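Here is how the chains run, residue by residue.
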Amino acid sequence: MNIFHIVGARPNFMKVAPVLSALQGRPNVAQTLIHTGQHYDVNMSDVFFQQLGIPAPDVNLAVGSGSHAQQTAEIMVRLEPVIAERRPDIVLVYGDVNSTVATVLVCAKLGVRVAHVEAGLRSFDRTMPEEINRLVTDQLADLLFTPSVDGDANLRREGIPPGKIFFVGNVMIDSLVRLLPAARKTSAADLTDRYALVTLHRPANVDDSVRLKGILESLLEVSKDLTVVFPAHPRTRKRIDDFGLNAEQLRLLDPCPYIDFLGLQTRATVVITDSGGIQEETTYLGVPCLTVRENTERPVTVTMGTNVLVGRDPEKLRRELARILAGHAKKGTIPPLWDGHAGERIADILAKSPREPHFNPPAAD
Ligand code: UD1
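Since the model is a prediction, treat every value here as computed from it, not as a measurement.

> Report on the site of the ligand, specifying residues and quantitative values.
Around the ligand, the structure places 20 residues, and the nearest of them are Gln38, His39, Glu130, His201 and His233. At a separation of 2.8 Å, an oxygen atom of the ligand approaches a polar side-chain atom of Gln38. In this structure, an oxygen atom belonging to the ligand sits 2.8 Å away from a side-chain N or O atom of His201. About the coverage of the ligand: the protein hides 87% of its 740 Å² of free accessible area. Contributing elements (two or more residues each) for the shell around the ligand: α1 (10-23), α3 (68-86), α5 (129-140) and α10 (234-242). Taken together, the residues that form the shell around the ligand break down as five nonpolar, nine polar and six charged. Residue contributions to the shell around the ligand reach at least three from each of two domains, namely domain 1 (2-170 + 339-352) and domain 2 (184-325).

> Tell me what's going on with the sheet that holds strand β1 (residues 2-7), and back it up with residues and numbers.
Taken in spatial order, the seven strands of this open sheet run β3-β2-β1-β4-β5-β6-β7, and their pairing is parallel. Looking at strand neighbours, the two that pair on one side only are β3 (59-60) and β7 (165-167), the edges of this open sheet. Bridge count between strand β6 (residues 143-146) and β7: three bridges; the pairing is parallel. Residue pairing across strands places Phe145 opposite Phe166, the latter belonging to β7. In this fold helix α6 (residues 149-157) packs onto β6 and β7, with an angle of close to 165 degrees to the strand it touches most, β7.

> Give a description of the domain arrangement of the chain that names residues and reports values.
When the domains of the chain are assigned, the result is domain 1 (2-170 + 339-352) and domain 2 (184-325). Centre-to-centre separation of domain 1 and domain 2, based on C-alpha positions: 27 Å. Both faces considered, domain 1 and domain 2 share a buried interface measuring about 1700 Å² in area, 55% of it formed by carbon and sulfur atoms. Counting the contacts that link domain 1 with domain 2 gives three salt bridges.

> Which residues make up the packing of α3 against helix α4 (residues 98-110), and what are the values?
Look at α3 against α4: their axes get within 8 Å of each other, and the N-to-C directions meet at 45 degrees. Compared by their axis directions, α3 and α4 come out oblique. For the element pair α3 and α4, the recorded crossing hand is right-handed. Contacts between α3 and α4 involve His68, Gln71, Thr72, Ile75, Met76, Leu79, Glu80, Ile83 and Ala84 from the former and Asn98, Ser99, Val101, Ala102, Thr103, Leu105, Val106, Cys107 and Leu110 from the latter. Among the residues making up the contact of α3 with α4, the classes are represented as 11 nonpolar, six polar and one charged.

> Any chance you could break down the pattern of salt bridges for me, citing the residues and the numbers?
Going through the model one piece at a time under the given rule, you end up with 23 salt bridges. As a salt-bridge pair, Arg202 and Glu130 come within 2.9 Å of each other at their nearest N and O atoms. Residue Arg202 is found in the loop between β8 (195-199) and α8 (203-206), and its partner Glu130 is found in helix α5; the two are separated by 72 residues along the sequence. The class for Arg202 is buried, based on a relative accessible area of 10%. Given a relative accessible area of 13%, Glu130 falls into the buried group. Between Arg235 and Asp207 there is a salt bridge, with the nearest N and O atoms lying 2.9 Å from each other. On the criterion of sequence distance, the pair formed by Arg235 in helix α10 and Asp207 in the loop between α8 and α9 (209-222) is long-range, its members being 28 residues apart.

> Give me the nonpolar core: which residues, what numbers.
Counting residues in hydrophobic clusters, the biggest one holds 54 residues, and the most contacted among them are Leu52, Ile54, Leu92, Phe145, Tyr258, Ile346 and Leu350. With eight residues, α1 is the largest single contributor of residues to this core. Taken domain by domain, the makeup of this core includes at least three residues from each of domain 1 (2-170 + 339-352) and domain 2 (184-325). If we ignore the near neighbours within four places in the chain, the residues touching Ile54 are Phe13, Val16, Ala17, Leu20, Leu33, Phe48 and Phe49. Core analysis: the next-biggest nonpolar cluster, separate from the first, contains 28 residues, Leu220, Val228, Ala247 and Ala329 among them.

> Explain the side chain of Thr266 to me, using residue names and the numbers behind them.
Looking at where Thr266 falls in the secondary structure, it is placed in helix α11 (residues 258-267). The exposure class assigned to Thr266 is buried, which follows from its relative accessible area of 18%. At 2.7 Å, the side chain of Thr266 and the backbone oxygen of Gly263 are in polar contact. In contact with Thr266, not counting residues within four places along its chain, are Leu180, Arg184, Leu285 and Val287.

Calculation notes
- Residues numbered from 1 in each chain as written.
- Predicted model: local features only at pLDDT ≥ 70, side-chain atom pairs only at ≥ 80, totals over all residues.
- Heavy atoms only, no water.
- Near = heavy atom within 4 Å.
- Polar contact = N/O pair within 3.5 Å; in protein donor to acceptor, adjacent residues only side chain to side chain.
- Areas by Shrake-Rupley, 256 points an atom, 1.4 Å probe, with all protein chains shown as cover.
- Helix = DSSP H or I, 4+ residues; strand = E, 2+ residues; numbered from the N terminus.
- Nonpolar A, V, L, I, M, F, W, Y, C, P; charged D, E, K, R; others polar.
- Domains from an automatic or database assignment.
- Pairing = 2+ DSSP bridges.
- Contact = heavy atoms within 4.5 Å.
- Axes fitted to C-alpha atoms, helices over the stretch in contact; angles between N-to-C directions.
- Buried area = accessible area lost by both parts, 1.4 Å probe.
- Salt bridge = Lys/Arg side-chain N within 4 Å of Asp/Glu carboxyl O.
- Parallel < 35°, antiparallel > 145°, perpendicular 65-115°, else oblique.
- Left-handed = near helix turned anticlockwise from the far one by under 90°.
- Buried < 20%, exposed > 50% of the residue type's maximum accessible area, 1.4 Å probe, protein only.
- Core = buried A, V, L, I, M, F, W, Y, C linked by side-chain atoms within 4.5 Å.

Structural data, given as structure tokens:
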């Protein structure tokens, strides 16, 4: 079986690594890795490949940044001839980024089967670009691998035939489990015992100057009790500079490599974030997480894990932080099948899935 994996952005890399490795060496499996180039900075991409042990991509589409339409369209234009020429049996896409939806649109029209890893998650908030990507991807995918049972329920409600849906667990946790021993060996010697680890990059939080200023003011408050360590996404760093905002009391860092960031998470007193994946990693690690969003597409992190949604309310952030500092942080449990073996379950299902060649050549007009 000729299997393609398409990745493009930072949160894809820790998801593809375990699936690549679980398929490696299986009989009659050939794998091709394509990087769209959505993320291109060394510290957003290359260092993740190195640390996660992902082989160099076979193809790099080098699309770079742009508006959503530009980026998605550019990926489609550059990917179509590659898929048309090489005709994979199945293409695996990951998560909810523009590279994911662009790939599924190309493959669906060429009649190439697609499997979506991390299917079924829903924030029910269509102002999030990722929610649009999730909805379109899941409608078009042929196999849907879910990380939690809420994903299965969402897909069934949207009319996806149950035979296409497979609850396999969380592939991102596979990478975490594998690299946790290395992460525990990292040290940040100059950090105090207690610190808050912060990440922010959602457009709704960082592209609006008033909103970003409000969040930074809340973080300056936090910094009176705890060191605030803030590895800033390039988008966020740029907005702080463009809007001329004050972040002087915060320890602003460049984006961290995977293992280093995992190490920072394991030792944090609290993580404050608007990321999706970090809500899951903190739940696995049992580290308190305050999510600066009104909703989450990962509800098990709230119902079972350590995550609390604080939304746009600075008062709620203060209150929840005080509770954590007083030693009353929410206790959580690890959701089912977040056990380090999701990649192998995906590989087993792919090995059994029938090959159905139904390739449509690209139409010229
Ligand atoms: C993307 C994903 C988001 C994911 C995030 C993780 C979509 C719709 N969003 O958002 O779901 O959580 O990645 O990081 O796909 N930039 C750089 N260097 C890079 C990459 C980006 O400087 O290597 C800057 C560019 O100015 C770019 C901006 O960051 O315009 C945004 O990058 P983009 O990939 O469009 O979206 P993200 O915000 O990273």
